[in-house]
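Residue strings, one per chain:
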Amino acid sequence: MIFVAGQIFGNFVFAMSLRWARGKQFHYLTVGAINYGVAAVMAVGWLLLSGAPSPDVLVILLGVVNGLQYQLSLVVLFTVVELVGIGITFGIVRLSVALPTLASIFLWGEQPAALQVVGLAIAFVALPLLGADAHQAARHHRGRSLLTWGVLLAVLILSGTGFIAAKAFTVYSTPAYQPLYTASLFVAATVGASFIWPMRRRFRLPEWRDVSMQNNLRLGVLMGAANIFQLAMLLLALDALPGTVVFPLTATVGLATTILGGMVLFGERFGRLTAVGIVLTLFAIVFIGVQ
């Protein structure tokens, strides 16, 4: 269980770092790029030390897809955090586990358990409730309501795409290729950041004179270390415990700690509908994780 606790801790540090990076004293695109660069160096080091098998094109391709999704998701997550806070944002990310579950049913012919069907139904109910606060805020800004829902759905779809790529890796490959998959993922995310960076003027960023590059570097390194740490802990946990225990436990406890962190550290509060959505999300995650 120590690996499960480690994954939850790493995910919590990553989430809180992401929330801090949205502050006016940081360039969040810079922090995100440093984050993936640090994680890529660590992942490549793991690959070189692991003695992994010869390169596999499918593994690399799936890692690249997941890595590009990571980078796109991070940019969207920075936007969503500003709209709804870190707790709701990661609630939507956690709900996206419904997409690989559906992919498992329709692409790989897996038969869902009765509780999984219930969990998927709950997920569809919970999603609009999670966006209730964002919708209410958007009503005060004419024409932004549809945009808000679009951004929330983008988080769901992008996160779900990454989970599907990871699921495909487990279907078509073996644990021996985890270092190669991880290195491909974070290298692709870093390369993706280099393409996003030239478009930085289109994002609402503070002036360079108002931020400290040293602070950006420190937070980026912290995010990157937390990112690779939580992934390593997850893989170790899956080696020691069944996925039916690991995924629901890390998802529910991780979401609960993220919500608590947002409330304590950043003063985030939720309306009644959103609170109901969060509770339903916790139930949905547990039910979807049933095998």
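Just above, that's the structure.
A short tour of the structure in this document, coming up.

Quick notes on the rules
- Residues numbered from 1 in each chain as written.
- Predicted model: local features only at pLDDT ≥ 70, side-chain atom pairs only at ≥ 80, totals over all residues.
- Heavy atoms only, no water.
- 1 Å grid on protein atoms, 1.4 Å probe; cavity = no way out; pocket = protein on both sides within 12 Å on 5 of 7 lines; lining within 4 Å.
- Points joined across faces, edges and corners; volume = space filled by probe spheres on them.
- Helix = DSSP H or I, 4+ residues; strand = E, 2+ residues; numbered from the N terminus.
- Nonpolar A, V, L, I, M, F, W, Y, C, P; charged D, E, K, R; others polar.
- Patch = residues over 30% accessible without salt bridge, like charges linked within 9 Å, V, L, I, M, F, W, Y side chains within 5 Å.
- Areas by Shrake-Rupley, 256 points an atom, 1.4 Å probe, with all protein chains shown as cover.
- Salt bridge = Lys/Arg side-chain N within 4 Å of Asp/Glu carboxyl O.
- Buried < 20%, exposed > 50% of the residue type's maximum accessible area, 1.4 Å probe, protein only.
- Contact = heavy atoms within 4.5 Å.
- Axes fitted to C-alpha atoms, helices over the stretch in contact; angles between N-to-C directions.
- Parallel < 35°, antiparallel > 145°, perpendicular 65-115°, else oblique.
- Left-handed = near helix turned anticlockwise from the far one by under 90°.
- Expected span 1.5 Å × (residues − 1).

This part covers empty space enclosed by the protein. Scanning the entire structure with this criterion turns up one cavity of 30 Å³ or more. The computed volume of the largest cavity comes to approximately 60 Å³. Taken together, eleven residues form the lining of the largest cavity, with L29, A33, Q71, A193 and I196 sitting closest to its centre. Secondary structure elements with two or more residues in the lining of the largest cavity: helix 2 (28-50), helix 3 (57-84) and helix 9 (178-196). Residues belonging to the lining of the largest cavity are distributed by class as follows: nine nonpolar, two polar and no charged.

Right, let's get into a nonpolar patch on the surface. Taken together, the side chains of W20, L260, M263, V264 and L265 make up a nonpolar region of the molecular surface, amounting to roughly 480 Å² of accessible area. Of note, V264 is situated in helix 11 (residues 243-266). The class for V264 is exposed, based on a relative accessible area of 62%.

This part is about the environment of P55. As for its position among the elements, P55 is in the loop between helix 2 and helix 3. Relative accessible area serves as the criterion here: at 66%, P55 is assigned to the exposed category. On a C-alpha basis, the gap between P55 and Y181 in space is 9.7 Å, while along the polypeptide they are 126 residues apart. Residues in contact with P55, not counting those within four places in the same chain, are I60 and L180.

Turning to the pattern of salt bridges, a few remarks are in order. A full pass over the atoms with the stated rule returns one salt bridge. Of the charged contacts, one joins E268 and R19 as a salt bridge, the two residues approaching to 3.4 Å between their closest N and O atoms. Of this pair, E268 sits in the loop between helix 11 and helix 12 (272-288) while R19 sits in helix 1 (residues 2-21), placing them 249 residues apart in sequence. A residue is classified by how much of its surface remains accessible, and E268, at 8% relative accessible area, is buried.

Between helix 2 and helix 9, the least distance of the axes is 8 Å, while the angle of their chain directions is 155°. By the angle between their directions, the pair helix 2 and helix 9 is classed as roughly antiparallel. With respect to the hand of their crossing, helix 2 and helix 9 are arranged in left-handed fashion. Between helix 2, through L29, A33, Y36, G37, A39, A40, A43, V44, W46, L47 and S50, and helix 9, the contact on the second element is made entirely by Q178, P179, L180, T182, A183, F186, V187, A189, T190, A193 and I196. Of the residues assigned to the contact of helix 2 with helix 9, the class counts are 17 nonpolar, five polar and no charged.

For the rest of this paragraph, the subject is the side chain of N35. Along the chain, N35 turns up in helix 2. Once residues lying within four places of it in the same chain are set aside, the contact partners of N35 are F14, L74, G220, M223, G224 and N227.

For an α-helix, the turn length of 3.6 residues means that residues three or four places apart are oriented alike. Its 17 residues place the ends of helix 6 (residues 114-130) 24 Å apart at the C-alpha level, agreeing with the 24 Å of an ideal helix rising 1.5 Å per residue. Of the positions making up helix 6, those classed as buried are Q116, G119, L120, I122, A123, A126, L127, L129 and L130.

Once that is clear, we can look at the environment of V118. Following the sequence through the fold, V118 ends up in helix 6. Overall, the relative accessible area of 37% leaves V118 in the partly exposed class. For the pair V118 and F283, spaced 165 residues apart in the sequence, the C-alpha separation amounts to 9.5 Å.

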